[in-house]
Amino acid sequence: MKKMREGPAKNALKQKALRILQRKKAYDNQCDGMRAQSFNMEQATMALQTAKDTQVVVSAMKAGVSQMKKEYKKVNIDNIEDLQDEMADILELSEEVQGALGRTYNMPDVDEDELEAELDALGDEIALDDDSSYLDDAVRAPNAPDKEPGRPEPIRNTDGVPVDEFGLPQVPAT
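Please read these numbers as outputs of a predicted model, since none were measured by experiment.

K.L.:
Please clarify how the overall build of the protein should be interpreted in this entry.
P.N.:
The secondary structure content of the protein amounts to four helices and two strands. Shown N-terminal to C-terminal, the secondary structure of the protein runs as helices and strands in the order α-α-α-α-β-β. Taken over the C-alpha trace, the protein has a radius of gyration of 47 Å; the compact-globule value for 174 residues is 16 Å, which it surpasses by more than 25%. Counting only C-alpha atoms and orienting by the principal axes, one finds that the protein spans roughly 135 × 65 × 55 Å. For the protein, the proportion of its 174 residues judged to be buried stands at 1%. Per element, the accessible surface of the protein, about 17100 Å² overall, is 57% carbon and sulfur. Positive and negative side-chain charges of the protein, numbering 22 and 36 respectively, have mean locations separated by a distance of 51 Å.

What follows is the structure, encoded as structure tokens:
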């Protein structure tokens, strides 16, 4: 527009441009208003959903409390205490029986000091002994069994993989 000459054509074009800008501003304002309304509607919808969710939670809590009260009416604390007392009595009786079974008869009294002195002497004797041949038997001990006693070797397919009675590969137990 700056390059145009002054005159009626320039003024008419300028007026048209101003009307277009006014319409654009009006549309922008209308668009902003609609965005604000949409945002407010979304906020209201979220608040309504939150209220509904809260009602569901409160209802579930009421039902849970009611059910717990109903279940605890079936529980008698006196019966539980009686059961605990009976359990203690039985365990005490068990300890008495184990004590009676563990008695030793005709065992001479052993002096603790003598036993400690003998243990110290054995320790000194072992420390002085350079011969470790007594360990050779432990080194030559047989390997631990790798299968259950009395159980046959697993059946294997042509690839050497253990299979079950249906011929399917067995999963190794860990």
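The discussion continues.
K.L.:
Help me understand a nonpolar patch on the surface in this model?
P.N.:
There is a patch of nonpolar side chains on the surface, built from Met68, Tyr72, Val75, Ile77 and Ile80 and spanning about 510 Å² of accessible area. Put simply, the parts of the chain that give the nonpolar patch at least two residues each are helix H1 (8–73) and helix H2 (77–101). Tracing the chain through its elements places Val75 in the loop between H1 and H2.

K.L.:
Explain the pattern of salt bridges to me, please; I cannot follow it from the model alone.
P.N.:
One pass over the full model with this rule turns up four salt bridges. Here Lys10 and Glu6 are joined by a salt bridge, their closest N and O atoms 3.0 Å apart. In this structure Lys10 comes out as buried when scored by relative accessible area, which is 12%. Between Asp32 and Arg35 there is a salt bridge, and its shortest N-O distance comes to 3.2 Å. One end of the pair is Asp32 and the other is Arg35, both in helix H1 and three residues apart, which spans about a single turn. Its relative accessible area of 43% is what places Asp32 among the partly exposed residues. The exposure class assigned to Arg35 is exposed, which follows from its relative accessible area of 53%.

K.L.:
Teacher, can you tell me more about the confidence of the model for the protein here?
P.N.:
If pLDDT is low for a region, its predicted coordinates should not be looked at in detail. When pLDDT is averaged along the protein, the result is 85; 91% of the residues meet or exceed 70. Looking across the protein, the model is least confident in helix H4 (residues 136–139), with a mean pLDDT of 68, and most confident in H1, with 93.

K.L.:
Sorry if this is basic, but what is going on with a negative patch on the surface here?
P.N.:
Where like charges cluster on the molecular surface, the negative patch consists of Asp78, Glu81, Asp82, Asp85, Glu86, Asp89, Glu92, Glu95 and Glu96. When you line up the elements, Glu86 lands in helix H2.

K.L.:
Any chance you could explain the environment of Gln55 here in plain terms?
P.N.:
Summarising the element assignment, Gln55 is placed in helix H1. Each C-alpha atom, one on Gln55 and one on Arg5, is 73 Å from the other, the two residues being 50 residues apart in sequence.

What counts as what
Residues numbered from 1 in each chain as written. Predicted model: local features only at pLDDT ≥ 70, side-chain atom pairs only at ≥ 80, totals over all residues. Heavy atoms only, no water. Helix = DSSP H or I, 4+ residues; strand = E, 2+ residues; numbered from the N terminus. Rg over C-alpha atoms; globule rule 2.2 N^0.38 Å. Buried < 20%, exposed > 50% of the residue type's maximum accessible area, 1.4 Å probe, protein only. Areas by Shrake-Rupley, 256 points an atom, 1.4 Å probe, with all protein chains shown as cover. Lys, Arg positive; Asp, Glu negative; His and termini not counted. Charge placed at Lys NZ, Arg CZ, Asp CG, Glu CD. Patch = residues over 30% accessible without salt bridge, like charges linked within 9 Å, V, L, I, M, F, W, Y side chains within 5 Å. Salt bridge = Lys/Arg side-chain N within 4 Å of Asp/Glu carboxyl O. pLDDT = per-residue confidence, 0-100.

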